[in-house]
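Chain and residue survey
As a plain string of letters, each chain reads:
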Amino acid sequence: MQVQTTATQYDVVVVGGGLVGASFALNLSQQINDSAYSILVVEAVDSTNFDQQPSFDSRSTALSFGSRQIFETMKLWSAITPLAEPIIEIQVSDRGHFGRTTLSSAEQGVEALGYVIENRELGDVLGRAMQTSSGVSLLAAATITQIKPCRSGMELTVAREEQLTKLSAKLVVLADGGRSSICEGLGIDQTKTDYGQHAIITNVAFERPHSGVAFERFTESGPLAVLPLSDFQKSNRGSLVWTVSESSREELLSCHEETFRSMLTQYFGERLGRIMQVGKRAAYPLSLTLAKEQVRPGLVLLGNVAHTLHPVAGQGLNLALRDSAALVRQLVIAKEQQVDPGEVKSLQAYLESQNQDQFESVLFTDQTVKLFSNNQWGQSAIRKLGLLGLELMPSIRSRFARSAMGLKP
Ligand SMILES: Cc1cc2nc3c(=O)[nH]c(=O)nc-3n(C[C@H](O)[C@H](O)[C@H](O)COP(=O)(O)OP(=O)(O)OC[C@H]3O[C@@H](n4cnc5c(N)ncnc54)[C@H](O)[C@@H]3O)c2cc1C
């Protein structure tokens, strides 16, 4: 997909057409009545080149019930739902301890607690939607090398096929991921807490079907999740996210499949029977990275560039989708009031509306990592009590489940 574009002035330019940038651009164009704003997405990787595209890699994402509602308003859910596996139940357990709890969709009165989709599949849906959208233009493969304020908003330098050109935008939405050189160039600092952990991800085929159950298991090395995936060639697939220390990372990536299977069985047990097959393994370093500024006149940060979270609670993309939806709502208001989309007061109003959600999601994720990655007696006792509390008190369980579903408790 390579949409050529000759215009040089836009209302909104989105830097990065990953899961967040693409979702935001499509949502804005839909809510603002297609051509009311000229919207351009600039993406560094040609999205037909999936192996190179960091956002659409071999990971899977647990979309919350709240994210489903966002995709429904974008009229994309009907394309996503055949590719997504519903989570009917979440089993949370602690390796070597008795505490255990189960959250179920029936108890919460919803069809599913969440939906698991492979990033590549979700990327494909978003890519196709951009291709057919009359309100969004896409420039790929092209890289933004610099952004600086100018009289009409922001001036962007685009590198494409060894040529540099200039664009201008009233609003730049920076969605270029966690390792943003643009942010650095703009002098926007980030605070980074390195967890000293890596997520090993791979798809696993089990002997028995998952029946819509997602497993979250806390182990000495860190949390291990197996999310239900849709069947592929009649295999019972699960998506594994295994948090391990730096020292275990190399061993788990390079060991023979047989060794990997037996190590995984040791930690996950035989909940889904024997492990039949393991796919390609990859590792992601894990940190909590927060931008110190998220809005400036003519600029807003979205997604991993604004906040990169540990995947333990599956909050990263779900939070970014809620941020995107809130920003779209604010831009619709600005348009109705004939306010420029880059107007800083309007961007600040967006940020204020999401402050609490961001704060709670970051805190919930960070505390979960710290509590469940530590095997000292005090911490594991609190953890055991926490899981028992969740099991015994339906009202607390319901609050927990609603947070996990991306809904307000
Ligand atoms: C192991 C793991 C599991 C996860 N599981 C979940 C989950 O279950 N649920 C959940 O909600 N979240 C989950 N997350 C988090 C989620 O993956 C991220 O929140 C999400 O991918 C962030 O997307 P993004 O678009 O902000 O950034 P990215 O995915 O990094 O995309 C950035 C895009 O910008 C492009 N780009 C970069 N620089 C430029 C430039 N200068 N010019 C043009 N384009 C540029 C890149 O090519 C890329 O396409 C998980 C994360 C990990 C690591």
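Residues numbered from 1 in each chain as written. Predicted model: local features only at pLDDT ≥ 70, side-chain atom pairs only at ≥ 80, totals over all residues. Heavy atoms only, no water.

1. Some points on the sheet that holds strand S4 (residues 85-87)
- The three strands are arranged S3-S7-S4 in an open sheet whose pairing can be described as antiparallel. Two strands in the sheet have a free side with no partner beyond their single neighbour: strand S3 (60-64) and S4. Averaged over all pairs of adjacent strands, the angle between their axes in this sheet comes to 30 degrees, without regard to strand direction.
- Here helix H5 (residues 119-132) sits on the sheet and contacts S3 and strand S7 (114-118); the angle it forms with S7, its principal contact strand, is near 85 degrees. (Pairing = 2+ DSSP bridges. Helix = DSSP H or I, 4+ residues; strand = E, 2+ residues; numbered from the N terminus. Axes fitted to C-alpha atoms, helices over the stretch in contact; angles between N-to-C directions. Contact = heavy atoms within 4.5 Å.)

2. Quick word on the side chain of Gln330
- Its place among the elements puts Gln330 in helix H9 (residues 316-336).
- Leave out the neighbours within four places in its chain, and Gln330 touches Ser346, Ala349 and Tyr350.

3. Digging into H5
- Helix length check: H5, at 14 residues, gives a terminal C-alpha distance of 20 Å against a target of 20 Å (1.5 Å per residue), a fit within 8%.
- For H5, the complete set of buried residues consists of Asn119, Leu122, Gly123, Val125, Leu126, Gly127, Ala129 and Met130. (Expected span 1.5 Å × (residues − 1). Buried < 20%, exposed > 50% of the residue type's maximum accessible area, 1.4 Å probe, protein only.)

4. Overview of the packing of helix H1 (residues 19-31) against H9
- Running from amino to carboxyl end, H1 crosses H9 at an angle of 30 degrees, the nearest separation of the two axes being 9 Å. By the angle between their axes, H1 is roughly parallel relative to H9. Where H1 crosses over H9, the two elements pack in a sense that is right-handed. Touching Leu19, Val20, Ser23, Phe24, Asn27, Leu28 and Gln31 of H1 are Leu317, Ala320, Leu321, Ser324, Ala325, Leu327, Val328, Leu331 and Val332, all from H9.
- Residues belonging to the contact of H1 with H9 are distributed by class as follows: twelve nonpolar, four polar and no charged. (Parallel < 35°, antiparallel > 145°, perpendicular 65-115°, else oblique. Left-handed = near helix turned anticlockwise from the far one by under 90°. Nonpolar A, V, L, I, M, F, W, Y, C, P; charged D, E, K, R; others polar.)

5. Some words on the pairing of S3
- Burial analysis of S3 places four of its five residues in the buried class, which makes it a mostly covered element.
- Of the strand pairs in this sheet, S3 and S7 are connected by five bridges, and their pairing is antiparallel. Each residue of the ladder has a partner; that of Ser60, found in S7, is Glu118.

6. Thoughts on the environment of Gly298
- Note on placement: Gly298 falls in the loop between strand S18 (295-296) and strand S19 (299-301).
- In this structure the C-alpha to C-alpha distance between Gly298 and Val173, which are 125 residues apart in sequence, comes to 8.5 Å.
- Setting aside residues no more than four positions away along its own chain, Gly298 makes contact with Met154, Lys170, Leu171, Val172, Gly342 and Leu347.

7. Concerning the pattern of salt bridges
- Throughout the structure, instances matching the rule amount to 13 salt bridges.
- The salt bridge partner of Asp124 is Arg128, with a shortest N-O separation of 2.9 Å. With a gap of four residues between them, Asp124 and Arg128 both fall in helix H5, about one helical turn apart.
- Taking relative accessible area as the criterion, Arg128 reaches 52% and is therefore assigned exposed.
- One salt-bridge network, in which partners are shared between bridges, spans Arg68, Glu72 and Glu111. (Salt bridge = Lys/Arg side-chain N within 4 Å of Asp/Glu carboxyl O.)

8. Section: unusual backbone geometry
- Here Ala140 and Ala141 are connected by a cis peptide whose omega angle stands at -5 degrees.
- The residue Ala141 is located in the loop between strand S8 (136-140) and strand S9 (143-150) in this model.
- Positive phi, close to 60 degrees, is recorded for Lys75, a residue that is not glycine.
- Along the chain, the position of Lys75 falls in the loop between helix H2 (65-73) and helix H3 (77-80).
- Even without glycine at this site, Glu162 takes up a positive phi of about 60 degrees.

9. Concerning the nonpolar core
- Within the largest apolar cluster, 52 residues are counted, with the highest numbers of intra-cluster contacts made by Phe24, Phe71 and Ile80.
- Top element by residues in this core is H9. It accounts for nine residues.
- If you count residues domain by domain, this core takes at least three from each of domain 1 (9-69 + 119-191 + 288-369) and domain 2 (79-118 + 194-286).
- Discounting residues that sit within four places of it in the chain, Phe71 has contacts with Ser23, Leu63, Leu76, Trp77, Ile80, Leu122, Leu126 and Leu321.
- Grouped together as the second largest cluster of nonpolar side chains are 25 residues, Val15, Val172, Leu299 and Val305 included. (Core = buried A, V, L, I, M, F, W, Y, C linked by side-chain atoms within 4.5 Å. Domains from an automatic or database assignment.)

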